[in-house]
Amino acid sequence: MEVDETGETWTSCAAMLETHSIPCDHAGKKRKQDPEPVVRIIEDDEEEDEEGEMMSDHMRDSEEPSNKRVKPVAKSNSLTGVLTPVKTPALKRIGQSISRSISFRTEARPLPPAPLRSRSKASSYPRRRNSQCWSDTVESHDLTVKEIKRQEVIYELTQGERQLIDDLSLVKKVYYEPMLKLEIMTKPELGQIFGTLDSLIPLHQDLLGRLERLRGSGKTIGQVGPTLMNWFPCLEAYVTYCRNQVGAKALLDQKKHEKKVEHFLRLCQESSFSRKLDLWNFLDLPRSRLVKYPLLLKEIQKCTPPEHPDEDTLPDALELVQSIVAEVNKNTGEAECQFYRQGLVYLEDGQRLQEIQLSRFLYCHGELKNNKGQRLHVFLFELALVLTRPGEDRDRGQVFHVYRQPLPNALLNLEEIPDGEPGGGGTFRGAFTGGSDKVKNCFRVSSRGRSKFHPYSLQANDSFSRQQWITCLRQAIVQSRDRTAQTSQSQLSLHADPAVYHIAQLSLSSDTEMADHTCR
């Protein structure tokens, strides 16, 4: 339907109303009508009523023939959402609303409530979190700007605990218990996926109770440092929970391929209670909460005046929670390294480097392309770089077949390939160029002193990913070489010739004594 820029909706709606409400002759001209409005729009919203009246006035004033193709409106109960809002002077709008409201109250309302309900589908949209601030909960106060900000941060800490408790309780009630009752997964499988999540609920309920008891009559909290200092050791429970997350995520991804599991999780995600989050988002909430404690504590410390009682305890509490987070990260990294190390499938015994078995953590891992355009999953362990091809095993789930020869980090050479470098020759074979003659987001690794191993040219998905790989590779190379140097030095000290070692302890001025020891 082609209409002008300013009267698009009016022309369309007028044509529709004329077609169904105003008799016309064969020439398309309107017959004379009674001056009363032909169409009465009855809605609960007074602003929409006003739009209807303005629409009727416009229809009566317009002399345009109704010979256009129009969409029938016989099945529509209301013009709500079709008419464009019209700006009306406030005084006139009030007068129109009063005059129409009298006639509306005396008439039966023909519109059923169904269209009103269908307009807002609350169940299809996530419920938003309450974004209330501390200042919204108090009527008046005489605090300084800095103290107000301090109370806001403490209030955010309290509300975060409450929301986490609600989410963890929801996961238990809506996911774990129904899946167990409906036998969507077995109890051991659910135990591996959910881990010790159930034990975290009373832990955070304890902190919330402590914080609520600190709140005074003015809804302010004075000294919070000792309370946090006494509670933070409870976060040691996160070591067990976070270590389990690596295997839990892998099992959950594997189970999602089963139709009944996928159907149940999809229904839950589409429901309003999930806020469009999937199950893993909920299972990862405790870890996200853990790493937020140091940030919140730093903000509280920043807003605490020098003479405040928390000035002495907050630094100690911050140091404590940072050490706990570091311990959790260390254990999680070790668990992740062990998990992926067990998933490696070696094609020959020569690929089983000792450096892989001795690695305690992963710097990074992810998808890269090789110079043939093949997608590889590359692992940068603590002591070795391993290129693999992902695969599936009936019993073990996802596995990683080792591709080519792994390289020790201590022997790695890293070469950055600038974007735009010509991609011709046998190194890239056109795989990185995408039909052009230039390469992008690439780097090359090779091994020092091992001429039989060809260099690996790899391409990341984007420049950010490439920079992450280069940063991690540099760090791994430096630390591995330092480790190798320290190991060699310690072994040299342990296995040195006793005579030479004894000579080194002699004074250089004692030539006679040195000669005696040399003769021996």
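Residues numbered from 1 in each chain as written. Predicted model: local features only at pLDDT ≥ 70, side-chain atom pairs only at ≥ 80, totals over all residues. Heavy atoms only, no water.

- Under an unreviewed UniProt entry, the chain has the name Rho guanine nucleotide exchange factor (GEF) 3, like and belongs to Gasterosteus aculeatus aculeatus.

## Notes on the pattern of salt bridges
In a structure, side chains of opposite charge can pair up when their charged atoms sit close to one another.
So, step 1. Across all of its chains, the model carries 22 salt bridges by this definition.
So, step 2. The closest approach of N and O atoms between D349 and R352, which form a salt bridge, is 3.8 Å.
So, step 3. You can call D349 exposed: its relative accessible area is 65%.
So, step 4. By sharing partners, the salt bridges in this structure join E416, D419, R466 and R474 into a single network. (Salt bridge = Lys/Arg side-chain N within 4 Å of Asp/Glu carboxyl O. Buried < 20%, exposed > 50% of the residue type's maximum accessible area, 1.4 Å probe, protein only.)

## Overview of the pairing of strand β4 (residues 384–393)
So, step 1. Direction of pairing for strand β3 (residues 375–381) relative to β4: antiparallel, over a ladder of 4 bridges. Each residue of the ladder has a partner; that of F379, found in β4, is V386.
So, step 2. Where β3 hands over to β4, the hairpin turn is made up of 2 residues, counted between the paired strands.
So, step 3. Both β4 and strand β6 (residues 407–408) contribute to a ladder of 2 bridges, which runs antiparallel. Of the residues in β6, the one forming a bridge with A384 is P408.
So, step 4. Here 6 bridges tie β4 to strand β5 (residues 397–402), and the two strands are oriented antiparallel to one another. When the sheet's bridge partners are listed, P390 is paired in β5 with F400.
So, step 5. Hairpin geometry of β4 and β5 is characterised by an intervening segment of 3 residues between the two adjacent antiparallel strands. (Pairing = 2+ DSSP bridges. Helix = DSSP H or I, 4+ residues; strand = E, 2+ residues; numbered from the N terminus.)

## As for the packing of aromatic side chains
So, step 1. For the coordinates displayed, the defined rule picks out 11 aromatic pairs.
So, step 2. On the basis of an interplanar angle of 45° and a centroid distance of 6.1 Å, the ring pair of Y175 and F282 is categorised as tilted. Residue Y175 is located in helix α5 (residues 145–181), and its partner F282 is located in helix α11 (residues 279–283); the two are separated by 107 residues in the primary sequence. Taken as a pair, Y175 and F282 share a single burial class, namely buried.
So, step 3. Arranged with centres 5.3 Å apart and planes meeting at 85°, the rings of Y176 and F194 form a pair that is edge-to-face. (Phe/Tyr/Trp six-rings, centres within 6.5 Å; stacked < 30°, edge-to-face > 60°.)

## With respect to the packing of α5 against helix α13 (residues 293–302)
So, step 1. Closest axis-to-axis distance for the α5/α13 pair is 8 Å, and the angle between their directions is 160°. Taken together, the axes of α5 and α13 lie roughly antiparallel to each other. α5 and α13 meet at a crossing whose hand is left-handed. Between α5 and α13, the contacting residues are K146, K149, R150, V153, I154, E156, L157 and E161 on the first element and Y293, L296, E299, I300 and K302 on the second.
So, step 2. Broken down by class, the residue content of the contact of α5 with α13 amounts to 6 nonpolar, no polar and 7 charged. (Axes fitted to C-alpha atoms, helices over the stretch in contact; angles between N-to-C directions. Parallel < 35°, antiparallel > 145°, perpendicular 65-115°, else oblique. Left-handed = near helix turned anticlockwise from the far one by under 90°. Contact = heavy atoms within 4.5 Å. Nonpolar A, V, L, I, M, F, W, Y, C, P; charged D, E, K, R; others polar.)

## Side note on helix α7 (residues 197–214)
So, step 1. With 18 residues, α7 extends 27 Å from end C-alpha to end C-alpha; this agrees with the ideal 26 Å at 1.5 Å per step.
So, step 2. Along α7, the positions that sit buried rather than exposed are L197, L200, I201, L203, H204, L207, L208 and L211. (Expected span 1.5 Å × (residues − 1).)

## Overview of the pairing of strand β8 (residues 442–447)
Each regular strand displays side chains that alternate between the two surfaces of the sheet.
So, step 1. For β8, the buried fraction is high: 5 of the 6 residues fall into the buried class.
So, step 2. Two strands pair when backbone bridges link them, and strand β7 (residues 412–417) and β8 are joined in this way by 6 bridges, in the antiparallel orientation. By the bridge assignment for β8, L412 is matched with S447.
So, step 3. Here 4 bridges tie β8 to strand β9 (residues 456–459), and the two strands are oriented antiparallel to one another.

## Structural notes on the environment of T158
So, step 1. If you trace the backbone, T158 turns up in helix α5.
So, step 2. For the pair formed by T158 and L208, sequence separation is 50 residues and the distance between their alpha carbons is 6.3 Å.
So, step 3. Those residues in contact with T158 that sit more than four places away from it in its chain are L208, L211, E212 and R215.

## A short note on a negative patch on the surface
So, step 1. A cluster of acidic residues, E307, E311, D312, D316 and E319, forms a negative patch at the surface.
So, step 2. Mapped onto the fold, E311 is located in helix α14 (residues 310–342). (Patch = residues over 30% accessible without salt bridge, like charges linked within 9 Å, V, L, I, M, F, W, Y side chains within 5 Å. Areas by Shrake-Rupley, 256 points an atom, 1.4 Å probe, with all protein chains shown as cover. Lys, Arg positive; Asp, Glu negative; His and termini not counted. Charge placed at Lys NZ, Arg CZ, Asp CG, Glu CD.)

## Details of the confidence of the model for the chain
So, step 1. Taken over all residues, the pLDDT of the chain has a mean of 75, while the share at 70 or more is 63%.
So, step 2. Within the chain, the lowest mean pLDDT, 38, falls on helix α4 (residues 114–119), and the highest, 96, falls on β3.
So, step 3. Taken together, the stretch residues 70–128 has pLDDT below 50 and engages in 74 contacts with residues farther than four places along the chain or on a different chain.
So, step 4. Residue range residues 499–520 is modelled with pLDDT below 50. Its contacts to residues more than four positions away, or to other chains, number 8 contacts. (pLDDT = per-residue confidence, 0-100.)

## A few points about the nonpolar core
When a protein is soluble and globular, its nonpolar side chains tend to lie buried together.
So, step 1. Y175, F232, L235, L283 and Y293 are the most contacted members of the largest nonpolar core, which totals 55 residues.
So, step 2. Here Y175 is in contact with L170, F194, F264, L265, C268, F273, S274, L277, L279 and F282, once residues within four sequence places are set aside.
So, step 3. Residues C364, L376, L385 and V445 belong to the second largest nonpolar core, which totals 21 residues. (Core = buried A, V, L, I, M, F, W, Y, C linked by side-chain atoms within 4.5 Å.)

## Here we look at the packing of α5 against α7
Helix-helix packing is described using two parameters, namely the angle between the two axes and the distance between the axes.
So, step 1. Two elements in contact, α5 and α7, have axes separated by 9 Å at closest approach and are oriented at 150°. For the element pair α5 / α7, the angle class is roughly antiparallel. Here α5 and α7 pass one another in a crossing that is left-handed. Side by side, α5 and α7 meet where L157, T158, E161, R162, L164, I165, L168, S169, V171 and K172 of the first sit next to L197, D198, L200, I201, H204, Q205, L207, L208, L211 and E212 of the second.

## A few points about helix α6 (residues 187–194)
An α-helical segment advances 3.6 residues per turn. Residues three or four places apart therefore align on the same side.
So, step 1. Residues of α6 that are buried include every one of L190, I193 and F194, and no others. In a view along the axis of α6, the buried residues occupy a sector of 85°, so they form one face of it.
So, step 2. Along its buried surface, α6 packs onto α5, α7, α9 (237–255) and α11.
So, step 3. G195 occupies a position one or two residues after α6 and carries a positive phi of about 55°. (Arc of directions from axis to C-beta.)

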